[in-house]
Amino acid sequence: MSARNFRELGNFLRARRESLLPQDVGLPLGERRRTPGLRREEVAQLAKVGTAWYTWLEQGREVKASAGVLLTLADALRMTETECAHLFALSGRMMPQRLPVNEPPLEAALQRMLDDLSFQPAYITNKRWDIVGWNNAACAVFGDYSRLEGDDRNLLSMLFANQAHRELLVDWAEIAPAALAIFRAETAHCVNEAHFATLIDRLNVKSETFRQLWARQEVLSQLTNIKRIHHPIADAMSFEYHSFLLSDGSARRLTVYSPQEVSRDKLQALLPVQRLNNIMRLEKEHK
């Protein structure tokens, strides 16, 4: 990269920072500000990088950032896909795929199968653990997946970089290391694929816990277990879950949650609320 590239990169980051208000990124407004936009230390906090390092980057110094750090900065500064691509171009890097190359759309037959599981939350994931299909019951219990995009709709990202999802899981401290060990075992043959490396880089930046657990090099096979939920509306819920590898050679998995005891009644009560939310979302999208 030339000195001009570094200057342009710094200018672009500063412009994006100054265009945002604290409330745009979930920060309190606080006292009156002398300069527009976010402070540098606030961006560094959101991206989980050092304030001095980020300052050098904005000042156009010859600081190199990994693809994972660039994606985290793009997220922190609420960049669009076009802005994110520009950020990578200025950094002299190829923007990685947010999703696997040539990810096929979910077949209508598979979606119908998911929808027919009326009282069993279920979703389908690809080999990278991106959620590529789900049913209404899954949204009622785990949150509306349609509101998530890119890496945010990935099981590992939800587990380690989504605070609301973390709080939903009663046994998160046991689930997180086990899930990561299963992911490592299942995807060992994918370590050189760019979109896998990008996911790991991003989570290494976003989560100290992920970074520590990933360094352990632990592996596990798939488990059948009980998942206990602390739902914001229904309170305590529990599900027995099973995961099945689809037989079409796509490496996709179907995961089905069967409600236990009173959880079935609670799920039945949640479903009309979720359907209403879906209707309101669709009406808003078509306005």
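Residues numbered from 1 in each chain as written. Predicted model: local features only at pLDDT ≥ 70, side-chain atom pairs only at ≥ 80, totals over all residues. Heavy atoms only, no water.

Peer 1: So, the sheet that holds strand β1 (residues 122–125): which residues are in play, and what are the values?
Peer 2: Taken together, the 5 strands give an open sheet; going across it, the order is β2-β1-β5-β4-β3, and neighbouring strands pair in antiparallel fashion. Single-partner strands in this sheet number two, and they are β2 (131–134) and β3 (225–231). Taking each pair of neighbouring strands and ignoring which way they run, the sheet shows an average axis angle of 30 degrees. For β1 and β2, the ladder comprises 3 bridges, and the chain directions are antiparallel. Counterpart to Ile124 in the pairing with β2 is Gly133. (Pairing = 2+ DSSP bridges. Helix = DSSP H or I, 4+ residues; strand = E, 2+ residues; numbered from the N terminus. Axes fitted to C-alpha atoms, helices over the stretch in contact; angles between N-to-C directions.)

Peer 1: Outline the packing of helix α1 (residues 3–18) against helix α5 (residues 81–90), listing residues and values.
Peer 2: As a packed pair, α1 and α5 sit with axes 9 Å apart at the nearest point and diverge in direction by 155 degrees. As judged from the angle between their axes, α1 and α5 are roughly antiparallel. As for the relative orientation of α1 and α5, their crossing is left-handed in sense. Between α1 and α5, the residues in contact are Asn5, Glu8, Leu9, Phe12, Leu13 and Arg16 and Glu83, His86, Leu87 and Leu90, respectively. (Parallel < 35°, antiparallel > 145°, perpendicular 65-115°, else oblique. Left-handed = near helix turned anticlockwise from the far one by under 90°. Contact = heavy atoms within 4.5 Å.)

Peer 1: Which residues make up α5, and what are the values?
Peer 2: Those residues of α5 that sit buried are Cys84, Leu87, Phe88 and Leu90. The buried residues of α5 occupy an angular sector of 165 degrees when the element is viewed end-on, so they sit on one face. Buried residues belonging to α5 abut α1 and α4 (67–76). Downstream of α5 by a residue or two, Gly92 has a phi angle that is positive, lying close to 75 degrees. (Buried < 20%, exposed > 50% of the residue type's maximum accessible area, 1.4 Å probe, protein only. Arc of directions from axis to C-beta.)

Peer 1: With reference to specific residues and values, describe the pattern of salt bridges.
Peer 2: Within the structure shown, the criterion is met by 15 salt bridges. For the salt bridge of Glu58 with Arg17, the shortest nitrogen-to-oxygen distance reads 2.6 Å. Residue Glu58 is located in helix α3 (residues 51–58), and its partner Arg17 is located in helix α1; the two are separated by 41 residues in the primary sequence. No difference in accessibility class separates Glu58 from Arg17, as the two residues are buried. Between Arg253 and Glu186 there is a salt bridge whose closest N-O contact spans 3.3 Å. (Salt bridge = Lys/Arg side-chain N within 4 Å of Asp/Glu carboxyl O.)

Peer 1: Talk me through the nonpolar core; I want residue IDs and the actual numbers.
Peer 2: Formed by 42 residues in total, the largest nonpolar core has its most connected members in Tyr145 and Phe160. Of all the secondary structure elements, the ones that give two or more residues to this core are β2, α7 (136–142), α8 (155–161), α10 (172–186), α11 (194–206), α12 (208–214), β4 (235–245) and α13 (263–285). Broken down by element, this core gets its largest block of residues, 7 residues, from α10. Ignoring anything within four residues of it in the chain, the contact list for Phe160 reads Trp172, Ala176, Leu180, Ser207, Thr209, Phe210 and Leu213. (Core = buried A, V, L, I, M, F, W, Y, C linked by side-chain atoms within 4.5 Å.)

Peer 1: Now, about the packing of aromatic side chains: what can you tell me, with residues and values included?
Peer 2: By the definition in use, this model includes 12 aromatic pairs. An angle of 10 degrees between the planes, with centres 5.7 Å apart, marks the rings of Phe210 and Trp214 as stacked. Of this pair, Phe210 and Trp214 both sit in helix α12, 4 residues apart, which is roughly one turn of that helix. An identical accessibility class is assigned to Phe210 and Trp214; each is buried. Pairwise contacts between aromatic rings join Tyr123, Trp134, Phe142, Tyr145, Phe239, Tyr241 and Tyr257 into one cluster. Its end group placed over the ring of Trp172, Arg166 keeps NZ or CZ at 3.5 Å from the ring centre. Above the plane of the ring of Tyr241 lies Lys227, whose end atom (NZ or CZ) is 5.1 Å from the centre. (Phe/Tyr/Trp six-rings, centres within 6.5 Å; stacked < 30°, edge-to-face > 60°. Lys NZ or Arg CZ within 6 Å of the ring centre and 35° of its normal.)

Peer 1: An account of the environment of Val256 is requested, with residue identities and associated values reported.
Peer 2: In this fold, Val256 is placed in strand β5 (residues 253–259). Through-space distance from the C-alpha of Val256 to that of Ile131 is 13 Å; in sequence the pair is 125 residues apart.

Peer 1: I'd like a rundown of the pairing of β1, residues and numbers included.
Peer 2: Neither face of β1 is open: one carries Ala122 and Ile124, the other Tyr123 and Thr125, and all of them are buried. Judged from the 4 bridges that link them, β1 and β5 form a sheet pairing that is antiparallel. Each residue of the ladder has a partner; that of Ala122, found in β5, is Val256. Once β1 ends, the chain turns through 5 residues before running back antiparallel as β2, passing Trp129 with a positive phi of about 70 degrees.

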